[in-house]
Every structure is written in structure tokens, then in C-alpha cells.
Amino acid sequence: MEIRIMKEIMEGNDKLAGENRKFFEDNNITAVNIMASPGAGKTSLIMNIIGILKDQKKISVIEGDIASSIDAEKIEKEGITALQINTGGGCHLDANVIKLSVEDLALQKDTLLFIENVGNLICPSAFDLGETLKMVIASVPEGHDKPFKYISMFEAADVIVLSKKDLLPYIDFDKEAFYKGIRAVNQKAPVFEISSKTGEGVKELVDWLVEG
Ligand SMILES: Nc1nc2c(ncn2[C@@H]2O[C@H](COP(=O)(O)OP(=O)(O)O)[C@@H](O)[C@H]2O)c(=O)[nH]1
Ligand SMILES: [Mg+2]
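Now for a quick tour of the structure. Throughout this document, residue positions are counted from 1 along each chain, in the order its sequence is written. For this description, chains carry letters from A and ligands carry numbers from 1, given in the order in which they are written. pLDDT decides what is reported in this predicted model: residues at 70 or higher carry local features, side-chain atom pairs at 80 or more are listed and counted, and totals for whole chains, interfaces and linings draw on all residues regardless. Note that the side-chain values use all heavy atoms of the structure and ignore hydrogens as well as water.

1. A few points about the site of ligand 1
Put simply, the rule reads: The near set for a molecule or strand comprises every residue that places at least one heavy atom within 4 Å of it. For this analysis, a polar contact is any N or O atom pair within 3.5 Å, provided that within protein one partner can donate a hydrogen and the other can accept it, and provided that sequence-adjacent residues contribute only side-chain to side-chain pairs. In this description, accessible areas are obtained by the Shrake-Rupley approach with a 1.4 Å probe, and a residue is regarded as covered only by the protein chains that are shown. Gly is put with the polar residues, along with every residue not named as nonpolar or charged; the nonpolar set is Ala, Val, Leu, Ile, Met, Phe, Trp, Tyr, Cys and Pro, and the charged set is Asp, Glu, Lys and Arg.
Lining the immediate surroundings of ligand 1 are 15 residues, of which Gly 39, Lys 42, Ser 44, Asp 166 and Ser 196 lie closest. Within the side chain of Glu 116, one N or O atom sits 3.1 Å away from an oxygen atom of ligand 1. The side chain of Asp 166 places a nitrogen or oxygen atom 2.8 Å from a nitrogen atom of ligand 1. For ligand 1, whose unbound accessible area comes to 580 Å², protein coverage reaches 69%. Its residues assigned to classes, the shell around ligand 1 comprises 3 nonpolar, 7 polar and 5 charged.

Structure below.
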């Protein structure tokens, strides 16, 4: 019996991630890997960003979900090309799936590519996709303790978003503790506080994405 060990699988993934990274760099594509819990507001934030940027930037979206095409349909209603990936139970996207998706999308130069990863705060952080940036979203209703519990996710982030800011008055969310948890594992990533419901903070994040 042949046993595949995790190290071999990860090496295979890293090789393909390297190819993706080169493709993105060669074509000036900014690929943003968005990771968060289910329901944290990934799709809502992508739609808000599309609303601000669609007249000035080429945007494409890869939607990763265990099942359904609900998110890709929402994005396509905004007039943006979206490719839905169903992992059929898999808890993350990997570099191979991104490579195939990028070929299917026939991405043009200078595109801003959002990759909505499968909703969970564990597996996606272990798989390099070759992305330009890892964005981690934590929403107010999830509670301020998440950075203390899902360390590798917050450690891996290049940018962190606190979403559903409009719910702060209704939920016991200790912002000071949240930032303490982040800074214990990640001193560099900027943190943007946003609401996709009111639009607050989204413009600042968009400016950072475009200029950064
Ligand atoms: N109050 C509030 N609700 C939000 C916000 N962003 C998303 N939601 C709601 O949260 C739910 C999950 O959002 P969605 O974007 O689908 O999350 P995803 O599963 O991470 O893609 C939906 O009912 C959204 O309307 C926000 O900023 N404020
Ligand atoms: Mg979604």
C-alpha cells in the first residue's frame, strides 16, 4: 500500500503556488486570498469593493464553497466574471484549483482577482495559493477572542479586516483585546474596521489595496 505523507502533498502544492505567483507577477495581477469563518462577510465585502472599483479596474472573482453557486451568482449580478468552485466537502482551496481556475477565467493583465476561500479559520491558512495578499476577515459577532484561538490564520494575514462594525453597539466585543490578540502573533498587518451594510471603512481598505 502506498501512503502519501502530508509533506509530499504540501511540496506539490508549493510548486504550483510558485507557478501561480509568477503568473500573477508577470501579468500585474493582484490576487487577494480572502479567508474567514462562514458568514463573516466575505462575499458582502467583495461586492462592496466591486461597487467602488468596477468602473476603474478589471476585477474577477473565484468563489470557493463546499457546495452551491449562490456566491458566484451574486457577483455575476454585479456584472463581474465569477467562477464558482465546489470543493465537495474539502475545507480549503489549493494551488492546483487556482491554477485551473485562472486558466478558465483567461485573466487579463492588471486584474484585481478576489479568491473567496472556503469558510473556516483553520485549513485555508496552510495552503499557499501563490496569492499576492492574504486577507483575513473577522466579524464582530464572532467575538474578540478569535485571534487567540486561530493563531496561524492571523499570523499568516497580510491584511486583517474587522467586519460588521455596525453591530458593535449590540455585541460585547472588546476591541482592545481583539487588537492585543492580533499583535501577539502579527505585528505588521494593517487592520481595517468596516461595515458592508453601511459602507463605512470600505473606501479606506480599497485605497490601501489599490495603492499598496
Ligand atoms: N450587519 C451586517 N451584516 C453583514 C455585514 N456583512 C455581511 N453581513 C451579513 O452577514 C451574512 C453573511 O454575509 P456573507 O457576505 O454572505 O458572508 P460570507 O459567508 O463570509 O461570504 C449576510 O446575511 C450578510 O448580509 C455587515 O457589515 N454588517
Ligand atoms: Mg460567501
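2. Re the coordination of the magnesium ion (ligand 2)
Condition: A donor here means an N, O or S atom no more than 2.8 Å from the metal, or no more than 3.2 Å when the metal is Na, K or Ca. Since water is not included, a site may seem to lack partners. A run of H or I in DSSP counts as a helix once it spans at least four residues, and a run of E counts as a strand once it spans at least two, with each numbered from the N terminus. Summary of the burial criterion: residues with accessible area below 20% of their type's maximum are buried, those above 50% are exposed, and those between are partly exposed, where the area comes from a 1.4 Å probe applied to protein chains only.
Each protein donor to the magnesium ion (ligand 2) is listed here as Thr 43 (OG1), Asp 71 (OD) and Glu 116 (OE); together their distances run 2.1 to 2.2 Å. For the magnesium ion (ligand 2), all donor residues lie on one chain, and their spacing in sequence is T-x27-D-x44-E. Of this pair, Thr 43 sits in helix H2 (residues 42-53) while Asp 71 sits in helix H3 (residues 70-77), and the two are 28 residues apart along the sequence. Looking at Thr 43, the relative accessible area reads 8%, which means it is buried.

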